[in-house]
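Geometric and topological summary
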Amino acid sequence: MRRKTPAPPSPLPQRHGVDPVRVRLPAEGTWGTVRAHLVERLSGADAGVVDGMFDAGRIVGADGRPVAADAPFVPGMFVWFHRDLPDEVPVPFPVAVVHRDEHIVVADKPHFLATTPRGGHVAETALARLRRELDLPELTAAHRLDRLTAGLVLFTVRPEVRGAYQTLFRDRRIRKEYEAIAPYDPALALPRTVRSRIVKERGVLTAREVPGEPNAVSRVELVEHRERPGGPALYRLAPATGQTHQLRVHMSALGVPILGDPLYPEVAAPVPAGDFRRPLQLLARSLEFTDPVTGEEHRFRSGRVLAAWASYDRWAAGRYDGPSDGQ
């Protein structure tokens, strides 16, 4: 079996905490030039955009020198460039650092902030912000939270330890606990463990449950409920697996969808960019694990209070103005 040649280090620095794009040319192909391949590969950009990047010297090789548009196609060649950053509305809530040492950073992410660059969220992400604010250019996320979910995210400080911490999530050796605010249903028997098969198709906003062997397991417990019609109630959720939107799907399937969920049980109309008034009421409350590098036992807790629990009427009226007491 032929080993994959590792990529050389990037010749370009980060920009606004965002890594440059790295492209490795295929081992086989009929392209005559590097430009021809990039025009086809970067299907989201027209040829004029690619030509403009070549003309400006923004596409570089491993030596950091600009690659000419007519440079011949060389199988396995690496090139780097920075995409133009999208216009992003700043998320006006801070990322709190719960813990920092030489190996990891544990951050308390606010609602509406993506964990890592993706799609239209690039510089306005927890990863890019922390790289800038902590001056840690090699910081990397060990896992991700949905953009709309608040709470704890584990980041690694150096590339050489990233795999050890990612393995915690892959091998389910990390204990995660969430809190959610949802309607109260006295007929719903809790606690219970929900098991189902969830699939998420590329390009489809929602995940769905399908027949088959379960791949998603969640423990759902009722913590407390307020004496008013329909709730709200505070739930403790413990996912044993990590399928996309798993907790949101399971709560909806139980008939108590999480407050503020724009996808479950039905897809709501998109809100304007910069509308931060009614956040999804889901919080990654705690992370517990044995540190794979130091052997230390860690237990981290978010200091956030879900807005609909602190003041349901204020949240329902769309008057959320940021994290409450303790973040």
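Notes on the structure in this doc start here. (Residues numbered from 1 in each chain as written. Predicted model: local features only at pLDDT ≥ 70, side-chain atom pairs only at ≥ 80, totals over all residues. Heavy atoms only, no water.)

A word on empty space enclosed by the protein. Per the counting criterion, the structure on display carries 1 cavity of 30 Å³ or more. Estimated volume of the largest cavity: approximately 70 Å³. Lining the largest cavity are 11 residues, and of these His-111, Ala-150, Arg-304, Val-305 and Tyr-320 sit closest to its centre. (1 Å grid on protein atoms, 1.4 Å probe; cavity = no way out; pocket = protein on both sides within 12 Å on 5 of 7 lines; lining within 4 Å. Points joined across faces, edges and corners; volume = space filled by probe spheres on them.)

We now examine the packing of helix H1 (residues 34-41) against helix H2 (residues 47-55). For any two helices packed against each other, the geometry is given by the interaxial angle and the distance between the axes. Put simply, H1 and H2 touch, their axes get as near as 9 Å, and they point 135 degrees apart. If you check the angle between H1 and H2, you find them oblique. Helix-helix and strand crossings are classified by hand; for H1 and H2 the assignment is right-handed. Contacts from Val-34, Arg-35, Leu-38 and Val-39 in H1 reach Ala-47, Val-50, Asp-51 and Phe-54 in H2. Of the residues that constitute the contact of H1 with H2, the class distribution is 6 nonpolar, no polar and 2 charged. (Axes fitted to C-alpha atoms, helices over the stretch in contact; angles between N-to-C directions. Helix = DSSP H or I, 4+ residues; strand = E, 2+ residues; numbered from the N terminus. Parallel < 35°, antiparallel > 145°, perpendicular 65-115°, else oblique. Left-handed = near helix turned anticlockwise from the far one by under 90°. Contact = heavy atoms within 4.5 Å. Nonpolar A, V, L, I, M, F, W, Y, C, P; charged D, E, K, R; others polar.)

What follows covers H1. Buried within H1 we find Val-34, His-37 and Leu-38. Buried residues along H1 cover an arc of 95 degrees about the axis, so they all sit on one side. Taken together, the buried residues of H1 touch strand E1 (21-24), H2 and strand E2 (78-81). (Buried < 20%, exposed > 50% of the residue type's maximum accessible area, 1.4 Å probe, protein only. Arc of directions from axis to C-beta.)

A word on the pairing of strand E10 (residues 216-225). Bridge count for strand E8 (residues 192-199) against E10 is 5 bridges, and the pairing is antiparallel. For Ser-196, the partnering residue across the bridge sits in E10 and is Ala-216. Two strands pair when backbone bridges link them, and E10 and strand E11 (residues 233-239) are joined in this way by 7 bridges, in the antiparallel orientation. Its bridge partner being in E11, Val-220 is matched across the sheet by Leu-237. (Pairing = 2+ DSSP bridges.)

On to the pattern of salt bridges, then. Counted by the stated rule, this structure contains 19 salt bridges. In this structure, Asp-171 and Arg-173 form a salt bridge, with 4.0 Å as the shortest nitrogen-oxygen distance. Residue Asp-171 is classed as partly exposed on the basis of its relative accessible area of 36%. With its nearest N and O atoms 3.5 Å apart, the salt bridge here joins Arg-236 to Glu-177. One end of the pair, Arg-236, is in strand E11; the other, Glu-177, is in strand E7 (residues 175-182), and 59 residues separate them in sequence. The partly exposed category is assigned to Arg-236, whose relative accessible area is 30%. What you see here is one network of salt bridges that share partners, running through Glu-177, Arg-219, Glu-221 and Arg-236. (Salt bridge = Lys/Arg side-chain N within 4 Å of Asp/Glu carboxyl O.)

This next bit is on the nonpolar core. Leu-139, Phe-155, Tyr-235, Leu-237, Met-251 and Leu-282 are the most contacted members of the largest nonpolar core, which has 48 residues in total. Sorting the residues of this core by element identifies strand E4 (104-109), helix H3 (126-134), strand E6 (150-156), E7, E11, helix H5 (246-253), strand E12 (282-290) and helix H6 (307-310) as the ones contributing at least two each. The contact partners of Met-251, leaving out residues within four places of it in the chain, are Ala-182, Val-220, Tyr-235, Leu-237, Val-256, Pro-257 and Ile-258. Counting 15 residues, the second-largest nonpolar core is a separate cluster that includes Val-34, Met-53, Ala-71 and Val-79. (Core = buried A, V, L, I, M, F, W, Y, C linked by side-chain atoms within 4.5 Å.)

Summarising the element assignment, His-111 is placed in the loop between E4 and H3. We classify His-111 as buried; its relative accessible area is 6%. A distance of 2.9 Å separates a polar side-chain atom of His-111 from the backbone oxygen of Leu-148. Here His-111 is in contact with Val-91, Phe-93, Arg-147, Leu-148, Thr-149, Ala-150, Pro-279, Leu-280, Gln-281, Leu-282, Leu-306 and Tyr-320, once residues within four sequence places are set aside. (Polar contact = N/O pair within 3.5 Å; in protein donor to acceptor, adjacent residues only side chain to side chain.)

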